[in-house]
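Summary of structural features
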Amino acid sequence: MTGSRGRVVCVGIAVLDQVWELPALPPAPGKYLSHGFRETGGGMAATAAVAVAALGGAALWHGRLGEDGPGATLLALLRQRGVQVVDVTPAPGGRTPISGVLVDAEGERVLAVFPGDGLPEASALAEARLDGAGAVLADPRWPAGAERLLRLAGARGIPRVLDADVAAAGTIADLAPVTDHVIFSQRGLAEFTGADDPAAGLAAAATRLRDLPACGPGGSLAVTLGARGSLWWRPGGSATLAAPRIAARDTTGCGDVFHGAFALALAEAREVQEAARFATAAAALKAQRGAGWQGMPDRAAVEALVHEGWT
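The sections below set out a description of the structure shown in this document. (Residues numbered from 1 in each chain as written. Predicted model: local features only at pLDDT ≥ 70, side-chain atom pairs only at ≥ 80, totals over all residues. Heavy atoms only, no water.)

1. So, the packing of helix H7 (residues 254-267) against helix H8 (residues 272-289)
- One way to put it is that H7 packs onto H8 with a least axis distance of 8 Å and a crossing angle of 145 degrees. Crossing geometry of H7 relative to H8 is assigned as right-handed. Seen from H7, the contacting residues are Cys254, Val257, Phe258, Ala261, Phe262, Ala265 and Leu266; seen from H8, they are Val272, Ala275, Ala276, Phe278, Ala279, Thr280, Ala282, Ala283, Lys286 and Ala287.
- When grouped by side-chain class, the residues that make up the contact of H7 with H8 number 15 nonpolar, one polar and one charged. (Axes fitted to C-alpha atoms, helices over the stretch in contact; angles between N-to-C directions. Helix = DSSP H or I, 4+ residues; strand = E, 2+ residues; numbered from the N terminus. Left-handed = near helix turned anticlockwise from the far one by under 90°. Contact = heavy atoms within 4.5 Å. Nonpolar A, V, L, I, M, F, W, Y, C, P; charged D, E, K, R; others polar.)

Structure (structure tokens):
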């Protein structure tokens, strides 16, 4: 299968996650006893890359790290998970992104992210890294890196996926014109459009992006909704894709897994609707398994769930 694997280049943030497990999320400030703790990799593009590798794809990750302990840990974790780290030079004096995550018994979480400090603005991604790529994925945490990747991919006709989460003002609007598939988180869509209702927000986004690739033939515009699945824009309205009913252990990173699996399916020349179902199954299994990067579902499990189906 090695010769036919989908090749996906992911650009964006990697974060060292420190996760505390609690019976319930704190209702107020105070001191709480955790019954479990783990340290694992996280971050949108890095988690997507790990998902691609776990699903049998060839995953490349390019991003920014500090020359510090968390940075060294993340490099080791990425490589252990089968991700090829490319054109990354840890920044002397830079501080690697790190997060604190509180997870309850239902798998819901509160997450606080330190985005790093002293990291380079410019991207050193070599154009040759896109040789043989079937898709690329970018997150908005590093706009300059995302824009370079998306423009290089566009010049080659490679499908481009944007993980449109909460971002600095203007970032999504700047990246959308060079993206084929804009997939929002619910909070990201609300921030972009000002609409709290996902259907209304998606319609507003479609109006705003109507002349861009995401709203054209072969593109897609969507919002992920966790356990409720996702909404996909269609002329005249939106279509719902339900998610499988599962017992969630930890929802951290599930959206990132969705984006990675979606990009991999595109790299394998699947149609958007088929890619969306594949990604939905992968995200659901990730929520069921939890355990950070260690809990990534494999190809066999995802394909089995897709074949079994859900309503």
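Moving on, there is more to tell.
2. Looking at the sheet that holds strand E7 (residues 109-114)
- In spatial order, the strands read E3-E2-E6-E7; together these four strands make up an open sheet with mixed pairing. Edge positions in the sheet fall to strand E3 (36-42) and E7, since each of these pairs with one other strand and no more. Here the average twist between neighbouring strands, direction ignored, is 20 degrees.
- The sheet contact formed by strand E2 (residues 15-21) and strand E6 (residues 98-103) spans six bridges and is parallel. Residue Glu21 lies in a different strand from E6, and its bridge partner there is Val103. (Pairing = 2+ DSSP bridges.)

3. Overview of the pattern of salt bridges
- Enumeration over the complete set of coordinates arrives at 13 salt bridges.
- One salt bridge connects Arg141 with Asp165, and the closest N-O pair in it is separated by 3.2 Å. Here the residue Arg141 occupies a position in the loop between strand E8 (135-138) and helix H3 (143-156), and Asp165 occupies one in the loop between strand E9 (160-164) and helix H4 (171-175), the gap between them amounting to 24 residues.
- Residue Arg141 is classed as partly exposed on the basis of its relative accessible area, which comes to 31%.
- Look at Asp165 and you get buried, because its relative accessible area is 19%.
- The network of salt bridges with common partners includes Glu268, Arg270, Glu274, Arg299 and Glu303. (Salt bridge = Lys/Arg side-chain N within 4 Å of Asp/Glu carboxyl O. Buried < 20%, exposed > 50% of the residue type's maximum accessible area, 1.4 Å probe, protein only.)

4. Regarding the sheet that holds E9
- Within the open sheet, the nine strands sit side by side as E5-E4-E1-E8-E9-E10-E11-E12-E13. Their pairing is mixed. The outermost strands of the open sheet, each flanked by one partner alone, are strand E5 (84-85) and strand E13 (237-241).
- Strands in contact with H7 are strand E1 (7-11), E8, E9, strand E10 (181-184), strand E11 (220-224) and strand E12 (230-234); relative to E9, the strand with the most contacts, it is inclined by about 170 degrees.

5. What about the nonpolar core?
- Of all hydrophobic cores here, the largest spans 53 residues; its most connected members are Cys10, Trp61, Leu78, Val83, Trp232, Phe262 and Trp293.
- Those residues in contact with Phe262, other than ones at most four positions away along the chain, are Val161, His181, Ile183, Ser220, Trp232, Val272, Ala275, Ala276 and Ala279.
- Membership of the second largest hydrophobic core comes to 37 residues, among which are Ala138, Leu152, Leu175 and Val182. (Core = buried A, V, L, I, M, F, W, Y, C linked by side-chain atoms within 4.5 Å.)

6. Structural notes on helix H5 (residues 186-193)
- Buried residues of H5: Gly188, Leu189 and Phe192, and no others. Down the axis of H5, the sector holding all buried residues measures 100 degrees, keeping them to one side.
- The inward-facing, buried residues of H5 contact E9, H4, E10, helix H6 (198-208) and E11.
- Positive phi appears at Gly194, one or two residues downstream of H5, with a value of about 85 degrees. (Arc of directions from axis to C-beta.)

7. Focus on the packing of helix H1 (residues 44-54) against H7
- Direction vectors running N to C along H1 and H7 enclose 55 degrees, while the axes themselves pass 7 Å from each other. Here H1 is positioned oblique relative to H7, judged by the angle of their axes. Viewed along their axes, H1 and H7 form a crossing whose handedness is right-handed. Only Asp256, Val257, Gly260 and Leu264 of H7 make contact with H1, whose side of the interface consists of Met44, Thr47, Ala48, Ala51 and Val52. (Parallel < 35°, antiparallel > 145°, perpendicular 65-115°, else oblique.)

8. Thoughts on the pairing of strand E4 (residues 58-62)
- Summarising burial for E4: five of the five residues are buried, a large majority.
- The alternating pattern of E4 places Ala58, Leu60 and His62 and Ala59 and Trp61 on opposite faces, both of which are buried.
- In the sheet, E4 pairs with E5 via two bridges, with the strands oriented parallel. The residue of E5 that forms the bridge with Trp61 is Val85.
- You can see the chain leave E4, run along helix H2 (residues 69-80) and come back into E5, and the turn it takes is right-handed. (Right-handed = clockwise from strand over helix to strand, strands pointing away.)

9. Description of unusual backbone geometry
- One non-glycine residue, Asp87, lies in the positive phi region at around 55 degrees.
- Classification of Asp87 by relative accessible area gives partly exposed; the value is 25%.
- In this structure, Ala269 is a non-glycine residue whose phi angle is positive, near 65 degrees.
- Exposure remark for Ala269: the relative accessible area of 66% places this residue in the exposed category.

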